[in-house]
Amino acid sequence: RQCASQSSGINAEYGGSDLHYVATVPLSKALIGCVIEVPTLDGRMLSIPINDIVQPGYTKRVVGEGMPISKSKDGEKGDLVIAFDIVFPTKLEVHQKSLLKQALM
């Protein structure tokens with residue numbers, strides 16, 4: 001269950017020692033869960049499982065994957081905070097609407 005982020009490379013902002021990243025996921029994956037791939041500043045690729053229903057305002061915090069804390073002697077890092085941009089379909093066929101209605105109501 002992979003979710004492809006439409007971002008290429010590292011497209012993140014930081015606030016203090018936390019690194020903020022926006023992952024783009026389709027509505028279907030936001031509802032059923034997925035794994036998102038997030039590039040790190042040191043060249044690694046993190047696979048982050050998302051098992052919750054992603055709704056507006058939902059964030060996922062990954063401890064220790066943010067910016068280095070400047071005064072830390074132990075190499076501590078802030079957190080990676082992932083926000084989500086949910087992509088809604090632009091068109092649904094009649095049978096798709098019926099299936100959704102059955103599943104959600």
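Report on the accompanying structure. Since the model is a prediction, treat every value here as computed from it, not as a measurement.

### Description of the pairing of strand β4 (residues 34–39)
Within a regular beta strand, the side chains point alternately toward one face of the sheet and then the other, so they alternate between its two faces.
Okay, step 1: Bridge analysis of β4 against strand β5 (residues 45–50) gives six bridges, and the strand direction is antiparallel. Among the inter-strand pairings, V38 is bridged to a residue of β5, identified as L46.
Okay, step 2: Here β4 hands over to β5 after five residues, with G43 in that stretch at a positive phi of 90 degrees.

### A closer look at the environment of V63
Okay, step 1: Along the polypeptide, V63 turns up in the loop between β6 (59–62) and β7 (80–87).
Okay, step 2: Here V63 falls in the exposed class, since its relative accessible area comes to 67%.

### Overview of the layout of surface pockets
Okay, step 1: A volume near 240 Å³ is recorded for the largest pocket.
Okay, step 2: Taken together, P26, L27, S28, L31, I32, V87, F88, P89, L92, Q96, L100 and L104 form the lining of the largest pocket.
Okay, step 3: Listed by contribution, the elements that provide at least two residues to the lining of the largest pocket are α1 (27–32) and α2 (94–104).
Okay, step 4: For the lining of the largest pocket, the element with the most residues is α1, which contributes four residues.
Okay, step 5: By residue class, the composition of the lining of the largest pocket is ten nonpolar, two polar and no charged.

### Here's the deal with the nonpolar core
Okay, step 1: By size, the foremost hydrophobic cluster in this structure holds 19 residues, and its most contacted members are I36, I48, I50, L80, I82 and F84.
Okay, step 2: Put simply, the parts of the chain that give this core at least two residues each are β3 (18–26), β4, β5 and β7.
Okay, step 3: Setting aside chain neighbours within four positions, we find I82 in contact with Y21, A23, I36, V38, I48, Y58, T59, K60 and V62.

### Focus: the packing of aromatic side chains
Okay, step 1: A full pass over the atoms with the stated rule returns one aromatic pair.
Okay, step 2: Judged by centre distance (5.6 Å) and plane angle (40 degrees), the rings of Y58 and F84 are tilted. Here Y58, found in the loop between β5 and β6, pairs with F84, found in strand β7; they are 26 residues apart in sequence, far enough to count as distant.
Okay, step 3: Looking at Y58, the relative accessible area reads 16%, which means it is buried.

### Describing the pattern of salt bridges
Okay, step 1: According to the stated counting rule, one finds five salt bridges in the structure shown.
Okay, step 2: Across the pair R44 and D42 runs a salt bridge whose closest N-O atoms are separated by 3.0 Å.
Okay, step 3: Here D42 falls in the partly exposed class, since its relative accessible area comes to 47%.
Okay, step 4: Salt-bridge contacts for K91 lead to E93; the nearest nitrogen and oxygen are separated by 3.7 Å.
Okay, step 5: The exposure class of K91 is exposed, given its relative accessible area of 61%.
Okay, step 6: A relative accessible area of 38% means that E93 is categorised as partly exposed.
Okay, step 7: Members of the salt-bridge network, linked through shared partners, are D18, R61 and D79.

Thresholds applied
- Residues numbered from 1 in each chain as written.
- Predicted model: local features only at pLDDT ≥ 70, side-chain atom pairs only at ≥ 80, totals over all residues.
- Heavy atoms only, no water.
- Pairing = 2+ DSSP bridges.
- Helix = DSSP H or I, 4+ residues; strand = E, 2+ residues; numbered from the N terminus.
- Buried < 20%, exposed > 50% of the residue type's maximum accessible area, 1.4 Å probe, protein only.
- 1 Å grid on protein atoms, 1.4 Å probe; cavity = no way out; pocket = protein on both sides within 12 Å on 5 of 7 lines; lining within 4 Å.
- Points joined across faces, edges and corners; volume = space filled by probe spheres on them.
- Nonpolar A, V, L, I, M, F, W, Y, C, P; charged D, E, K, R; others polar.
- Core = buried A, V, L, I, M, F, W, Y, C linked by side-chain atoms within 4.5 Å.
- Contact = heavy atoms within 4.5 Å.
- Phe/Tyr/Trp six-rings, centres within 6.5 Å; stacked < 30°, edge-to-face > 60°.
- Salt bridge = Lys/Arg side-chain N within 4 Å of Asp/Glu carboxyl O.

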